[in-house]
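Examination of the molecular architecture
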Amino acid sequence: MALRINDEAPDFTAQTTQGQINFHEWIGNGWAILFSHPKDFTPVCTTERGYTAGLEPEFAKRNCKIIGLSVDPVGSHSKWKADIEETQGHKVNYPMIGDPDLGVAKLYDMLPAEAGNTSEGRTPAANATVRTVFVIGPDKKIKLMLSYPMSTGRNFDEVLRVLDSIQLTAKHKVATPVNWKHGDDVIILPAVTDEEAKQKYPGGWKSPKPYLRIVAQPK
């Protein structure tokens, strides 16, 4: 079944580099980022793993956990972690899911059902579609999906920016405009009447068009 934004993130139990987890229980009452890789010891993924490890404190400030998935066994992940720390300068402290039977990759619609049931003998190219970032909310629903080709490293500063936007707009009736960054002006939602907006924003707002009402980011 194809996954869409606002679908419940499929739950699963799996082995990780930090022991067995139940995914929904592991998320708890906070936010989570699940990001996937086609295989261990691949060059682009090595850089992504390391950079994300360096960003982990920033995600933690936002009450967001990180978990990785690669279509290989946990034992392979543990060896890969050493390479990541050596080459990227950051220790991977977040768990990495082992998926040797391809079960999680299929559950998240990254591999087709007919892909088989083992990672053994599969090449990175065979798993090329296992390259997605999922942002999952405290309600266990998918808030964002980003899929990348194998040849293009993902921008995790962008993932952090989007998380800021999603968390802000979950609390306030606003949307964030193009290239928005934390602290920039935001847009009042069309569903908010001018009367409601005056109560929320007594200082007023800029309105180059009636449907485009721009206001300072709520505190």
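Residues numbered from 1 in each chain as written. Predicted model: local features only at pLDDT ≥ 70, side-chain atom pairs only at ≥ 80, totals over all residues. Heavy atoms only, no water.

1. Brief notes about the overall build of the protein
Check the secondary structure of the protein and you find six helices and eleven strands. Its C-alpha atoms put the protein at 60 × 40 × 30 Å along the principal axes. Sequence-distant contacts in the protein: of pairs separated by 6 or more residues, those separated by 24 or more amount to 63%. With the model as given, the accessible surface of the protein reaches about 11100 Å², and the carbon-plus-sulfur share is 53%. (Helix = DSSP H or I, 4+ residues; strand = E, 2+ residues; numbered from the N terminus. Contact = heavy atoms within 4.5 Å. Areas by Shrake-Rupley, 256 points an atom, 1.4 Å probe, with all protein chains shown as cover.)

2. Some remarks on the pairing of strand 3 (residues 31–37)
The buried count for strand 3 comes to seven of seven residues, which makes it a mostly enclosed element. Because side chains alternate across strand 3, one face comprises the buried residues Trp31, Ile33, Phe35 and His37, and the other comprises Ala32, Leu34 and Ser36, equally buried. In the sheet, strand 3 pairs with strand 4 (residues 64–70) via seven bridges, with the strands oriented parallel. Bridge pairing in strand 4 links Ala32 to Lys65. Read as a crossover between parallel neighbours, the route from strand 3 over helix 2 (residues 43–61) to strand 4 is right-handed. (Buried < 20%, exposed > 50% of the residue type's maximum accessible area, 1.4 Å probe, protein only. Pairing = 2+ DSSP bridges. Right-handed = clockwise from strand over helix to strand, strands pointing away.)

3. Concerning the state of the cysteines
Enumeration according to the criterion identifies zero disulfides in this entry. There is no disulfide at Cys45, and the cysteine sulfur nearest it, in Cys64, is 19 Å away. By relative accessible area, which is 3% here, Cys45 ends up buried. (Disulfide = S-S within 2.5 Å.)

4. Comments concerning the packing of helix 2 against helix 3 (residues 74–88)
Where helix 2 contacts helix 3, the two axes come as close as 9 Å, and the packing angle between them is 75 degrees. Taken together, helix 2 and helix 3 sit at an angle that is classed as roughly perpendicular. Touching Cys45, Thr46, Thr47, Arg49 and Gly50 of helix 2 are Trp80, Ile84, Thr87 and Gln88, all from helix 3. Grouping the amino acids of the contact of helix 2 with helix 3 by side-chain chemistry returns three nonpolar, five polar and one charged. (Axes fitted to C-alpha atoms, helices over the stretch in contact; angles between N-to-C directions. Parallel < 35°, antiparallel > 145°, perpendicular 65-115°, else oblique. Nonpolar A, V, L, I, M, F, W, Y, C, P; charged D, E, K, R; others polar.)

5. A short note on the pattern of salt bridges
For the structure on display, the rule yields eleven salt bridges. In this structure, Lys61 and Glu58 form a salt bridge, with 3.0 Å as the shortest nitrogen-oxygen distance. Within this pair, Lys61 and its partner Glu58 are both found in helix 2, separated by three residues, close to a single helical turn. Classification of Glu58 by relative accessible area gives partly exposed; the value is 27%. (Salt bridge = Lys/Arg side-chain N within 4 Å of Asp/Glu carboxyl O.)

6. With respect to the sheet that holds strand 11 (residues 212–215)
The strand order across the open sheet built from four strands is 8-9-11-10, with neighbouring strands paired in antiparallel fashion. In the strand order of this sheet, the two ends are held by strand 8 (174–175) and strand 10 (206–209), each with one partner. Judged from the two bridges that link them, strand 9 (residues 186–188) and strand 11 form a sheet pairing that is antiparallel. Paired with Ile187 across the bridge in strand 11 is Ile214.

That is the geometry; function is a separate question.
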